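# Breakdown of the fold
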Amino acid sequence: MAIFATRSSSVIESSRRRPNLSSMHAFPALAVFLGASFVLIANTRSVSQADVHAAYMSPPMHVASKTQAMLRANVDLVLVNATVLDRLDRAVTGLAPRDFTVLDDKKPQIIRYLSNVDEPISLVVVLDASSSMADKFHQVRGALAELVKTSNPQDEFGLIVIQDKPSIVVDFDDVEKKLQNVTETLEPNGMTALWDGISFGVDLLGNARYRRQAIVVISDGGDNHSRHTESQLKSILEESNVGVYAIGLFSRFVTRPEERVGPLQLDEVTSVAGGRVFAVHDSEELLRAITQVSHELRSQYVLGYYPTNRERDGKWRKLKIRLAGKAAQGKLKVYSKQGYYAPAE
């Protein structure tokens, strides 16, 4: 089923994307996991095939941009992705439920499920091909090849190029196209519709094969030509299940206004989506960042809990994932989404 069936509120019966529920009795969290961070709503404590009915509902009216569907369901199980890194930014695996604390609106929750399995992911690269990227584009070609090389062999990729406006260059159905080859014919030109490009990536992931979904942004600065505002984009990401990482090819000596504000804006946008920003200055740093993003995506945890607040009020609930016990003493860092919207009846 498509995660983002725009302006749809009905139950989706697409067999191509229906969750695999045959092994749910063995590991319910894996069986119902649909994406980077989202909410599922179940009628019973025992999640079975009969209990899970994924539906799509429109977001709250305060979202100013075009309607983005948010995954809702008739269950009370919440699943969220979390990435744990050590002081050297290496992904940490092998943690147990006792090593995490989940705060839902500041209230501790009991973790019922935990998974750290490398599941396939649908990944969209949002590539800045504006005029300012002309002298950096040769670096990008090698980085895209590295991204494909270090990914799960089952991952699927899409590519959106942003200039004056975003355009899909590689769709998920374009199986004969290769990300690294497409860039050979691209000519950097125009301005940077960055926020529009990320929003476009969320839309493209509505047709993705997998329920784990992420966007990787490669750009040298901030936005200067989008219809969407930064605030509108954040609202879209809050409503989605898409994680966002950004690799900023930032100049050491900035001259343009968007270069000065770009790092901070990208940090705010990726934080909303449970990702982070990598600031790079040369091709070697770019390759390291690409490899790091790929490894983090393959090493994420999925935590599941039944929220103590059962109110279906459609309100935003703050979400905080912390480390506990010995894990909290190891100077580790946790990245996850900042919250979710409760279901509304």
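Summary of the structure given here. (Residues numbered from 1 in each chain as written. Predicted model: local features only at pLDDT ≥ 70, side-chain atom pairs only at ≥ 80, totals over all residues. Heavy atoms only, no water.)

## Some thoughts on the overall build of the chain
Rules: Here a helix means four or more residues in a row that DSSP labels H or I, a strand means two or more in a row labelled E, and each is numbered from the N terminus. Classification of residues uses two cut-offs on accessible area relative to the type maximum, computed with a 1.4 Å probe and protein chains only: under 20% is buried, over 50% is exposed, and between them is partly exposed. Contacts are assigned to residue pairs that have any heavy atoms within 4.5 Å of one another. Only the protein chains shown count as covering a residue, and every accessible area follows the Shrake-Rupley method with a 1.4 Å probe.
In terms of regular secondary structure, the chain is built from seven helices and 17 strands. Per-residue burial for the chain yields a buried fraction of 57% across its 345 residues. Pairs at least 24 residues apart make up 82% of the contacts formed inside the chain by residues separated by at least 6 positions. Total accessible area on the chain stands at roughly 15,100 Å², and carbon and sulfur atoms take up 49% of it.

## Focus: helix 2 (residues 137–149)
Inclusion rule: Each residue after the first adds 1.5 Å to the expected span of a helix. Relevant arc is that of directions from the helix axis to the C-beta atoms, nothing else.
The terminal C-alpha atoms of helix 2, which comprises 13 residues, lie 19 Å apart, in line with the 18 Å expected from a rise of 1.5 Å per residue. Taken as a whole, helix 2 has its buried residues at Phe137, Gln139, Val140, Ala143, Leu144 and Leu147. Along the axis of helix 2, the buried positions cluster into a sector of 135°, meaning they face one direction only. For helix 2, exposure combined with an orientation more than 90 degrees from the buried face picks out His138 and Lys149.

## Re the side chain of serine 151
Here is the rule: Counting of polar contacts relies on pairs of N or O atoms within 3.5 Å, with two restrictions inside protein: one atom must be capable of donating a hydrogen and the other of accepting it, and residues adjacent in sequence are counted only when both atoms are side-chain atoms.
Mapped onto the secondary structure, serine 151 falls in the loop between helix 2 and strand 9 (156–162). With relative accessibility at 11%, the residue serine 151 sits in the buried group. Among the polar contacts listed, one links the side chain of serine 151 to the backbone oxygen of valine 148, at a separation of 2.8 Å.

## Brief notes about the packing of helix 4 (residues 194–204) against helix 5 (residues 230–239)
Under the convention used in this document: Every axis corresponds to a line fitted to the C-alpha atoms, with the helix fit spanning only the stretch in contact, and the corresponding angles, defined between N-to-C directions, vary from 0 to 180 degrees. Roughly parallel refers to an angle under 35 degrees, roughly antiparallel to one over 145, roughly perpendicular to one between 65 and 115, and oblique to any angle outside these ranges. Put simply, a crossing is left-handed when the front helix is turned counterclockwise from the back one by less than a right angle, and right-handed when it is turned clockwise. Residues were grouped as follows: Ala, Val, Leu, Ile, Met, Phe, Trp, Tyr, Cys and Pro as nonpolar; Asp, Glu, Lys and Arg as charged; and all remaining residues, including Gly, as polar.
Running from N to C, helix 4 and helix 5 cross one another at 15°; their axes reach a closest spacing of 10 Å. As the angle between them shows, helix 4 and helix 5 are arranged roughly parallel. In terms of crossing hand, the pair formed by helix 4 and helix 5 is left-handed. Contacts between helix 4 and helix 5 involve Trp195, Ile198, Ser199 and Val202 from the first element and Glu230, Leu233, Ile236 and Leu237 from the second. Tallied by class, the residues present in the contact of helix 4 with helix 5 amount to six nonpolar, one polar and one charged.

## Description of the nonpolar core
Basically, it comes down to this: Residue types Ala, Val, Leu, Ile, Met, Phe, Trp, Tyr and Cys, when buried and joined through side-chain atoms within 4.5 Å, form a set referred to as a nonpolar core.
Residues Val125, Leu127, Leu159, Ile218 and Ile247 are the most contacted members of the largest nonpolar core, which totals 32 residues. Core analysis: the next-biggest nonpolar cluster, separate from the first, contains 25 residues, Val217, Phe250, Leu266 and Ala273 among them.

## Some words on the sheet that holds strand 12 (residues 242–249)
Put simply, the rule reads: Pairing between strands requires that DSSP locate at least two bridges from one strand to the other.
The strand order across the open sheet formed by six strands is 10-9-8-11-12-13, and the pairing between neighbours is mixed. Both outer strands of the open sheet, strand 10 (166–170) and strand 13 (277–280), are each paired with one neighbouring strand and no more. When strand polarity is set aside, the average angle formed by the axes of neighbouring strands in this sheet is 20°. Judged from the four bridges that link them, strand 12 and strand 13 form a sheet pairing that is parallel. Among the inter-strand pairings, isoleucine 247 is bridged to a residue of strand 13, identified as phenylalanine 278.

## So, the pattern of salt bridges
Defined as follows: For this document, the term salt bridge refers to a Lys or Arg side-chain nitrogen within 4 Å of an Asp or Glu carboxyl oxygen.
Scanning the entire structure with this criterion turns up 12 salt bridges. Its salt-bridge partner being lysine 234, residue glutamate 230 comes within 3.3 Å of it at the nearest N-O pair. Here glutamate 230 and its partner lysine 234 are both found in helix 5, four residues apart, which amounts to about one turn of the helix. Judged by its relative accessible area of 22%, lysine 234 falls in the partly exposed class. Residue glutamate 268 pairs with lysine 234 through a salt bridge whose shortest N-O separation is 3.3 Å. In this pair, glutamate 268 is assigned in helix 6 (residues 257–272) and lysine 234 in helix 5, connecting sequence segments 34 residues apart. Among the charged side chains, a network of salt bridges with common partners joins Asp89, Arg276, Glu296 and Lys333.

## Looking at the sheet that holds strand 5 (residues 100–104)
Across the sheet, which stays open at both edges, the four strands sit in the order 6-5-15-17 with antiparallel pairing between neighbours. Only two strands of the sheet have a single neighbouring strand rather than two, namely strand 6 (107–109) and strand 17 (339–341). Across this sheet, the average inter-strand angle for adjacent strands is 30°, counted without regard to direction. The sheet contact formed by strand 5 and strand 6 spans three bridges and is antiparallel. Considered in strand 6, the bridge of leucine 103 is made with proline 108.

## Comments concerning unusual backbone geometry
At aspartate 105, a position not held by glycine, the phi torsion is positive, near 55°. With respect to the element layout, aspartate 105 can be found in the loop between strand 5 and strand 6. Overall, the relative accessible area of 33% leaves aspartate 105 in the partly exposed class.

## Regarding the side chain of arginine 317
Inspection of the secondary structure assignment puts arginine 317 in strand 15 (residues 316–323). A polar contact of 2.5 Å, which involves the side chain of arginine 317, links it to the backbone oxygen of glutamate 311. Setting aside residues no more than four positions away along its own chain, arginine 317 makes contact with Asp104, Asp105, Pro307, Asn309, Arg310, Glu311, Gln338, Gly339, Tyr340 and Ala342.

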